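Listed below are the residues making up each chain.
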Amino acid sequence: MKEKVIFIFTTLQILFVTCIFAQNTSEQLTYFGRTIIFNKPAHYKELERDKIYLQRTNSEHVLPTLLRIVLKNNDQNLMIGLVHIPILYEPGNTKQDPGQMRDSLRQNLSYLNTMKSEQDTLLSKTRHVKKKHLRATKSDTGFIYQLKLETPFLDSYRKCQVLLLHKENVGNCYSYFFYNEGQEKLIDDIIQQNMKILAFRS
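Residues numbered from 1 in each chain as written. Predicted model: local features only at pLDDT ≥ 70, side-chain atom pairs only at ≥ 80, totals over all residues. Heavy atoms only, no water.

A. Inspection of unusual backbone geometry at higher detail. Notably, His43 is not glycine yet its phi reads approximately 70°, a positive angle. Turning to its location among the elements, His43 is positioned in the loop between β1 (36-38) and β2 (45-46). With a relative accessible area of 68%, His43 lands in the exposed category. Even without being glycine, Asn169 reaches a positive phi, approximately 65°. Inspection of the secondary structure puts Asn169 in the loop between β9 (159-167) and β10 (171-179). (Helix = DSSP H or I, 4+ residues; strand = E, 2+ residues; numbered from the N terminus. Buried < 20%, exposed > 50% of the residue type's maximum accessible area, 1.4 Å probe, protein only.)

B. Structural detail: helix α8 (residues 184-193). Of the residues making up α8, those classed as buried are Ile187, Ile190 and Ile191. Take α8 and look down its axis: the buried residues cluster within an arc of 100°, on one side only. Facing away from the buried surface of α8 by more than 90 degrees, the exposed residues are Lys185 and Gln193. Its buried side turned inward, α8 meets β4 (78-86), β8 (141-146), β9 and β10. (Arc of directions from axis to C-beta. Contact = heavy atoms within 4.5 Å.)

C. Up close: the side chain of Asn172. Within the secondary structure, Asn172 sits in strand β10. Residue classification places Asn172 among the buried residues on the basis of a relative accessible area of 1%. Of note is the side chain of Asn172, whose polar atom sits 2.5 Å from the side chain of His166. (Polar contact = N/O pair within 3.5 Å; in protein donor to acceptor, adjacent residues only side chain to side chain.)

D. Representation of the pairing of β10. Of all the nine residues making up β10, nine are buried; the element is thus mostly covered by neighbouring parts of the structure. Here β10 shows a buried face lined by Gly171, Cys173, Ser175, Phe177 and Tyr179 and a second buried face lined by Asn172, Tyr174, Tyr176 and Phe178. Inspection of the sheet shows β4 paired to β10 by eight bridges, in the antiparallel sense. From the neighbouring strand, Leu82 faces β10, where its bridge partner is Ser175. The hairpin turn running from β9 into β10, its antiparallel successor, is three residues long, and Asn169 in that turn takes a positive phi close to 65°. (Pairing = 2+ DSSP bridges.)

What follows is the structure in structure tokens.
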């Protein structure tokens with residue numbers, strides 16, 4: 001009888017932990033799917049997207065509508081925004097035909113075009129992601145650059161650095177690290193610590 005009670009208690013514990021895990025990773029499973037791994041950093045709280053839209057009313061910047069996940073660290077007053085842009089293909093006509101990238105998306109999905117259009121070269125130079133980080137994230141290439149912010153993000157953050165990871169025929173991962181004056185050294189350390197915040201599965 002005692003063994004049976006212990007077994008039931010243990011089973012309930014496992015089910016409880018499973019439910020908590022499923023709840024915490026639901027964003028990863030529904031958005032990033034099987035292509036991307038989302039490694040949520042410690043001490044960051046995920047913001048509700050509805051609140052982000054509400055906070056956008058006093059800002060003309062379009063970033064809040066693009067970011068799929070936004071994390072905030074209250075202790076360090078930092079925010080991280082994440083978005084994955086997959087490469088989309090037209091379906092093939094036969095099983096042997098894998099299809100091809102939609103022509104209308106070729107230019108829009110070019111990570112180089114995106115980087116050139118949104119980077120601020122006056123504040124800092126573009127840096128290449130080191131090979132060891134590319135291997136760890138299973139990326140083909142990657143860059144870190146300063147983002148042009150014409151208006152403060154959510155009326156609070158005046159600076160942003162972007163970690164861009166690209167994998168051929170799979171897509172691009174953008175991690176936006178928002179901060180303010182005087183936090184330059186801190187944000188460099190945060191980026192290095194979170195190189196794998198988004199990573200390709202294979």
